[in-house]
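A closer look at the structure
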Amino acid sequence: MSEYYEAQKDIVSELGKTLERVDPEETNKLVEEIKKADKVFFVAVGRVLLSLKSVAKRLAHLGVDCYIVGQVTEPAITENDLLIVGSGSGGTAFPLAIAEKAKQYDATVFHIGRNPECPMAEFSDFFVRIPASKEANLEVEGVESVQPMTSLFEQALLLFGDTIALMMVRERDIEMESLWQYHANLE
């Protein structure tokens, strides 16, 4: 087997194992919170932020009013809004500070991460666990990965977001062709 096929087989296998272990009830709660929010904000850093930006874009295609924290056109958060925090460890400084700030405005905070017992728990209303590879200093079990650092979590987060989007499409019985009205057209 070529190195390419061996590597991609390992990655796809890890992703399958990880996503199969995500709790469907926690996922359903996240979808419920997205649907009832007036606006949905996203915060993360690094590659996790890149994954969450993709999730926000896909949800925007479904008509969800989405914002990335820090974007120039970001509106004020209110008690009718949802902040989705992506942080595997739940201890990253910037997302923690933003979650704390969101709670000051009575917004709902939903943490997507690997570690339920983390500093983010103090500011989160809800949590969904993506049991991807753990960091060296965490005791929480996760799917072991051959990939560098936290690649598995970042990849699983992206696919988890696409899973949520597909759940919403199916629930609303959305005609796929109709979604193109929300796709960027200044390209």
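Shown above is the structure to which this text applies.
Let me begin by describing the structure that accompanies this report. (Residues numbered from 1 in each chain as written. Predicted model: local features only at pLDDT ≥ 70, side-chain atom pairs only at ≥ 80, totals over all residues. Heavy atoms only, no water.)

1. What about the packing of helix 2 (residues 24-36) against helix 5 (residues 151-172)?
Our working definition: Only the contacting stretch of a helix is used when fitting its axis, a line to C-alpha atoms as for every element, and angles between N-to-C directions run 0 to 180 degrees. The helix count covers DSSP runs of H or I at least four residues long, the strand count covers runs of E at least two residues long, and both are numbered beginning at the N terminus. Throughout, the term roughly parallel applies to angles under 35 degrees, roughly antiparallel to angles over 145, roughly perpendicular to angles from 65 to 115, and oblique to all others. Two helices crossing with the near one rotated counterclockwise from the far one by less than a right angle form a left-handed crossing, whereas a clockwise rotation gives a right-handed crossing. Note on definitions: a residue-residue contact is assigned when non-hydrogen atoms from the two residues lie within 4.5 Å. By the convention adopted, Pro, Cys, Tyr, Trp, Phe, Met, Ile, Leu, Val and Ala count as nonpolar, Lys, Arg, Asp and Glu as charged, and the other residues, Gly among them, as polar.
Put simply, helix 2 and helix 5 touch, their axes get as near as 11 Å, and they point 65 degrees apart. Between helix 2 and helix 5, the crossing angle belongs to the class labelled roughly perpendicular. In this structure, the crossing between helix 2 and helix 5 has a hand that is right-handed. Contacts between helix 2 and helix 5 involve Thr27, Asn28, Leu30, Val31, Ile34 and Lys35 on the former and, on the latter, Phe160, Ile164, Met167, Met168, Glu171 and Arg172. In terms of residue class, the contact of helix 2 with helix 5 is made up of 7 nonpolar, 2 polar and 3 charged.

2. Focus on the side chain of threonine 27
Short version of the rule: Partly exposed describes any residue whose relative accessible area lies between the buried limit of under 20% and the exposed limit of over 50%, with all areas from a 1.4 Å probe on protein chains only and scaled to the type maximum. Whenever a nitrogen or oxygen atom comes within 3.5 Å of another N or O atom, the pair is scored as a polar contact, on the condition that within protein one atom can donate a hydrogen and the other can accept it, and that pairs from neighbouring residues in sequence are kept only if both atoms are in side chains.
Along the chain, threonine 27 turns up in helix 2. The exposure class of threonine 27 is buried, given its relative accessible area of 6%. Within the structure, the side chain of threonine 27 is placed 3.0 Å from the backbone oxygen of aspartate 23, a separation counted as a polar contact. Once residues within four sequence positions are removed from consideration, threonine 27 is found in contact with Val22, Val128, Phe160, Ile164 and Met167.

3. Examining the pattern of salt bridges
To keep things clear, this is the line we draw: For this analysis, a salt bridge means a side-chain nitrogen from Lys or Arg found within 4 Å of a carboxyl oxygen belonging to Asp or Glu.
Applying the stated criterion to the full structure yields 7 salt bridges. When the shortest N-O distance is used, the salt bridge between glutamate 33 and lysine 29 registers 3.0 Å. Of the two residues, glutamate 33 and lysine 29 are both situated in helix 2; the distance of 4 residues between them amounts to about one turn of the helix. The exposure class of glutamate 33 is buried, given its relative accessible area of 3%. Using a relative accessible area of 23% as the deciding quantity, one classes lysine 29 as partly exposed.

4. Quick word on the pairing of strand 3 (residues 82-86)
How we decide: In short, DSSP must find at least two bridges between two strands for them to pair. A crossover counts as right-handed when, viewed with the strands pointing away from the observer, the path leading from the first strand over the helix to the second turns clockwise.
Along strand 3, 5 of the 5 residues are buried, which leaves the element largely enclosed by surrounding structure. Across the two faces of strand 3 the burial is the same, with Leu82, Ile84 and Gly86 and Leu83 and Val85 all buried. Bridge analysis of strand 1 (residues 40-43) against strand 3 gives 4 bridges, and the strand direction is parallel. For phenylalanine 42, the partnering residue across the bridge sits in strand 3 and is isoleucine 84. By the bridge criterion, 5 bridges tie strand 3 to strand 4 (residues 108-113) in an arrangement that is parallel. By the bridge assignment, leucine 83 is partnered in strand 4 with valine 109. Note that the unit made of strand 3, helix 4 (residues 93-104) and strand 4 has a crossover that is right-handed.

5. Observations concerning the sheet that holds strand 5 (residues 126-129)
Pairing is parallel in the open sheet, where 5 strands are placed in the order 2-1-3-4-5. Only two strands of the sheet have a single partner each, and these edge strands are strand 2 (66-68) and strand 5. Here the strands of the sheet are splayed against their neighbours by 20 degrees on average, with no regard to which way each runs. Here strand 4 runs beside strand 5; their pairing, made up of 4 bridges, is parallel. Bridge pairing in strand 5 places histidine 111 opposite phenylalanine 127. The strands touched by helix 2 are strand 1, strand 3, strand 4 and strand 5; relative to strand 5, the strand with the most contacts, the crossing angle is about 130 degrees.

6. Structural notes on the pairing of strand 1
Alternating residues of strand 1 divide into Val40 and Phe42 and Phe41 and Val43, and every residue in both groups is buried. Here 3 bridges tie strand 1 to strand 2, and the two strands are oriented parallel to one another. Along strand 2, the bridge assignment pairs valine 40 with cysteine 66. Handedness of the crossover joining strand 1 and strand 2 through helix 3 (residues 46-61) is recorded here as right-handed.

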